[in-house]
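# Per-entry structural report
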Amino acid sequence: MEKDIIIDLKDISVSFDGEPVLNNINLYIRDNEFITLLGPSGCGKTTTLRIIGGFLKPDTGRVIFEGKDITDLPPNKRQLNTVFQNYALFPHLTIAENIAFGLKIKKKSKEYIKDKIKYALKLVNLEGFENRMPQSLSGGQQQRIAIARAIVNEPKVLLLDEPLGALDLKMRQSMQYELIRLKNELGITFVYITHDQEEALTMSDTIVVMNKGNIQQIGTPEDIYNEPKNAFVADFIGESNIIDGIMLEDKLVEILGAKFPCVDTGFGRNKPVDVVIRPEDVDLVEPEKGTIKGVVTSLLFKGVHYEMDVLANGYEWLVHSTDMVPVGREVGIFVDPYNIQIMHKPISEDEEASSDEE
Amino acid sequence: MVKKLFSFIQKFYVAIIFLILYSPVIVLMVLSFNDSKSRVIWGGFTLKWYSRMFNSSIIVETFIVTVTLALLSAAIAVVLGTAACVGIEAMRRRNKQIVLGATNIPLLNADIVTGISLMLFFSRFLNAGFPTLLIAHITFELPYVILSIMPRMRQINTNAYNAALDLGATPLYAFFKIILPEIFPGIITGFIMALTMSLDDFTISYFTKGPGVSTLPTMIYSELRKGVKPEMYALSTLMFLAVLILLVIVNLKGSPMLSKPFANAKNGGKKHAQTMRYRR
């Protein structure tokens, strides 16, 4: 076993009322890592976090923390702290009392607690808030207090359950940077839960994509984005063109009746596959220079780029480009071989791209 | 002009309602200060019925029994009710509804049915007396206590309790530090409601008290059978005021779920508490 593994989930399965929620999850978390569990609601990510936190016992499987089995340990005996969804501050206690809650239980001295409160408030940029009540704080401020309350206990792992879910977009973005800064200053492991793929890509060292109680892919943000393992991951992480194709031979795939060179090998000959092409990887060129020809059917200005639909050989291609092409113009479609991602057809329905997710 | 008239009619209507609702009580209060024994002749102002009342050993004894019973039963009902709420809140949704419905049955049940069934039950196991009275009172108070704590319980963010555990608290410590302060207003409301229910209950007490013991309502009833004594007017007046004060306290605390309709119609209080359940 690797030495820097801090949490190891082994064969975890859970079902509620006979309905499986987690199917045989195996996952290890390294020390000092920012790991994100990403997936649509109901994918089992919160359940996984509750198992790590000790609020739920798995039906089968073990939770190993620093080499010790903690599966049966109640949450109050575990060396990790959680930042809950919707903050979960104690409404009848002041900010200082909220932060001191865990320290008082550990019977720390008054001076120690006072110093810690000051340090924690400084860390989350809310100095001087000691005597305020939670209700008088904005959502973002309450979230910071929830983080401060957790980290004064010096946990080895901080669990964060969609902590930014209730904040507005601007606030969410600034809190993302704040969290990365905190993580680096504290030097502890963050296990982060979100359904927001952008959040996951921005902050994580490692992303675990989950769907329907199964882990779909584990990897760095770049891996997950550029080399999605299946159609679900490709669809969930950003927008994608997912097209049925046939792998004619190594490094050559047929899509929509045209032959596209690619870089993937080892799929065999004439095998049906899913082909993923990111909208920003589709180049619109002169009609005769493209691999296939199409017509622009819609055009939207999105700020950073234009979003266009191009109808070509019966498929509506989603294209992101900084260059504007008017509706009705005939264009050629060209894709760099390196940007074509070939995937096996899904074996089980669990791996299928869910159509209801944007 | 029309507006003014309309607003006058509105006020007049409300005034009539209150007059009809409370005039019997006002008559009773006035008579308790009447120097004549007659129910129709005003013989001048006096406090002699009050002093006689306080000098009567039966009345004072019964008063002590009633107040002890009310405080003790309300205290026990509040403890049991709080425990019940914790348990109900932890249940799955369907079980929760079933149990909440079951706890509300005593509210809908006619007092006389509750009274007789308790009497039959006790006669099999216990001798009627103060203990049976106490158990009976706790029984009918419990639903009111649960009804006033439950909304508070529901407002608590379940994660707040989990957060306390997460920060190292034992379940018991988390309950006393996090849950209890949040539901405390509901507990107080429940306690005061239980007190008022206990103080003015007649039917159930009558069937479960046994021969040696009396509460103020049952004593007034048996005294009135012997003949009208103005001391009873005085006693009733004090009881009315006591309950009124308790209800005002509940209302000022502003528990919107129960106190309002309850205070508006004292006599129909139980029924109102029931309708509130459906309005929720």
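These numbers were taken from a predicted model, which means no experiment stands behind them. (Residues numbered from 1 in each chain as written. Chains lettered and ligands numbered in written order. Predicted model: local features only at pLDDT ≥ 70, side-chain atom pairs only at ≥ 80, totals over all residues. Heavy atoms only, no water.)

This part covers the packing of helix H2 (residues 95-105) of chain A against helix H3 (residues 110-123) of chain A. Residues and elements named next belong to chain A. Where H2 meets H3, the axes come as close as 10 Å, and the angle between the chain directions of the two elements is 125°. By the angle between their axes, H2 is oblique relative to H3. Once H2 is placed against H3, the crossing between them reads as right-handed. Across the interface between the two elements, Ile95, Ala96, Ile99, Ala100, Leu103 and Lys104 from H2 touch Tyr112, Ile113, Lys116, Ile117, Ala120 and Leu121 from H3. (Axes fitted to C-alpha atoms, helices over the stretch in contact; angles between N-to-C directions. Helix = DSSP H or I, 4+ residues; strand = E, 2+ residues; numbered from the N terminus. Parallel < 35°, antiparallel > 145°, perpendicular 65-115°, else oblique. Left-handed = near helix turned anticlockwise from the far one by under 90°. Contact = heavy atoms within 4.5 Å.)

Another aspect to go through is the interface of chain B and chain A. Residue-level contacts link 19 residues of chain B with 23 residues of chain A. With both sides pooled, the region where chain B packs onto chain A buries about 1,700 Å², and carbon together with sulfur makes up 60% of that total. Per-residue buried area on chain B facing chain A is highest for Asn159, Asp166 and Leu167 of chain B; these three make up 37% of the total on that side. In this assembly, chain B and chain A are joined by one salt bridge. (Buried area = accessible area lost by both parts, 1.4 Å probe. Salt bridge = Lys/Arg side-chain N within 4 Å of Asp/Glu carboxyl O.)

Okay, the confidence of the model for chain B next. Residues and elements named next belong to chain B. In this model, chain B carries a mean pLDDT of 83, and residues with pLDDT of at least 70 account for 90%. Per-element confidence in chain B ranges from a low mean pLDDT of 37 for helix H12 (residues 259-264) to a high of 92 for helix H3 (residues 57-89). Here residues 255-280 is a poorly scored stretch, pLDDT under 50, and it has 45 contacts once near neighbours within four places are set aside; other chains count. (pLDDT = per-residue confidence, 0-100.)

Moving on, we get to the pattern of salt bridges. All names here are of chain A. In the structure shown here, the tally under the stated rule is 19 salt bridges over all chains. Glu162 serves as the salt-bridge partner of Lys45, at 3.6 Å between the closest nitrogen and oxygen. Of this pair, Lys45 sits in helix H1 (residues 45-53) while Glu162 sits in the loop between strand S7 (157-161) and helix H5 (169-186); the two residues are 117 residues apart in sequence, bridging distant segments of the chain. Residue Lys45 is classed as buried on the basis of its relative accessible area, which comes to 3%. A residue is classified by how much of its surface remains accessible, and Glu162, at 10% relative accessible area, is buried. The salt bridge partner of Glu66 is Lys156, with a shortest N-O separation of 3.2 Å. Pair noted here: Glu66 is in the loop between strand S4 (60-65) and strand S5 (68-69) and Lys156 is in the loop between helix H4 (139-151) and S7, with a separation of 90 residues, a long-range link. Look at the salt bridges and you will find they share partners, linking Lys57, Arg62, Asp69 and Asp72 into a network. (Buried < 20%, exposed > 50% of the residue type's maximum accessible area, 1.4 Å probe, protein only.)

Before going further, it helps to spend a moment on the sheet that holds strand S2 (residues 19-30) of chain A. Residue and element names in this part refer to chain A. Read across the sheet, four strands follow the order S2-S1-S4-S5 without closing on themselves; strand pairing throughout is antiparallel. Of all the strands in the sheet, the pair left with one neighbour each is S2 and S5. The pairing of S4 with S5 spans two bridges and is antiparallel. Considered in S5, the bridge of Ile64 is made with Asp69. Packing against the sheet, H1 makes contact with strand S1 (5-16), S2 and S4, and its axis sits at approximately 120° to S1. (Pairing = 2+ DSSP bridges.)

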